[in-house]
Amino acid sequence: QVQLVESGGGLVQAGDSLRLSCAGSGRTFSRYDMGWFRQAPGKERAFVAAITSGGYTALTDSVKGRFTISRDNAPNTLYLQMNSLKPEDTGVYFCAAGAVRSLQALEDYDIWGQGTQVTVSS
């Protein structure tokens, strides 16, 4: 089974960029649909972006034009390029994997990383 480890979070100012990475172990990484979710303080975990095993991508409306999701199956890494960051992008970012029916559905993903904190100051 794939295990996921996120990295790349940090404290930045509004307008800055960050690239999150999610390293996956296991030889079946390429078969999974992958997603990024974030959990802001006091809020539920919410969909940010996803990419299918075939490369189709989806983004939540608030990050379109600013964030890009990509994957490199060799070596087993998922990325989230975040540009023009805003304070409302603050939260813990989780990567997730699964054979999902709906890319935006948190409950469809069954493998999760531990999360990486992103804090955007104004």
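Right above here is the structure, for reference.
As a starting point, this report considers the structure included with it. (Residues numbered from 1 in each chain as written. Predicted model: local features only at pLDDT ≥ 70, side-chain atom pairs only at ≥ 80, totals over all residues. Heavy atoms only, no water.)

## Some thoughts on the pattern of salt bridges
Here the idea is simple: oppositely charged side chains can pair when their charged atoms come close. The criterion, for reference: In what follows, salt bridge is the name for a side-chain nitrogen of Lys or Arg lying within 4 Å of a carboxyl oxygen of Asp or Glu. Helix and strand assignments follow DSSP, with helices taken as H or I runs no shorter than four residues and strands as E runs no shorter than two, numbered in order from the N terminus. Residue exposure (1.4 Å probe, protein chains only): buried if accessible area is under 20% of the type maximum, exposed if over 50%, otherwise partly exposed.
Counted by the stated rule, this structure contains 4 salt bridges. Taking the shortest distance from any N to any O, the salt bridge between Asp 61 and Lys 64 comes out at 3.0 Å. Between Asp 89 and Arg 66 there is a salt bridge, and its shortest N-O distance comes to 2.8 Å. On the criterion of sequence distance, the pair formed by Asp 89 in the loop between strand S8 (77-82) and strand S9 (91-98) and Arg 66 in the loop between strand S6 (57-59) and strand S7 (67-72) is long-range, its members being 23 residues apart. When sorted by exposure, Asp 89 lands in the same class as Arg 66, which is buried. By sharing partners, the salt bridges in this structure join Arg 38, Arg 66 and Asp 89 into a single network.

## Brief notes about the state of the cysteines
Two cysteines form a disulfide when their sulfur atoms are joined by a covalent bond. We apply this condition: The disulfide criterion used throughout: a pair of cysteine sulfur atoms within 2.5 Å.
Inspection of the entire model under this criterion finds 1 disulfide. Covalently, Cys 22 is tied to Cys 95 through a disulfide, its sulfur atoms 2.0 Å apart. The sign of the S-S torsion, about 50 degrees, decides the handedness of the disulfide formed by Cys 22 and Cys 95: right-handed. Taken together, the residues span a long stretch of sequence, with Cys 22 in strand S3 (residues 18-24) and Cys 95 in strand S9 at a distance of 73 residues. Among the residues examined, Cys 95 registers a relative accessible area of 0% and is labelled buried.

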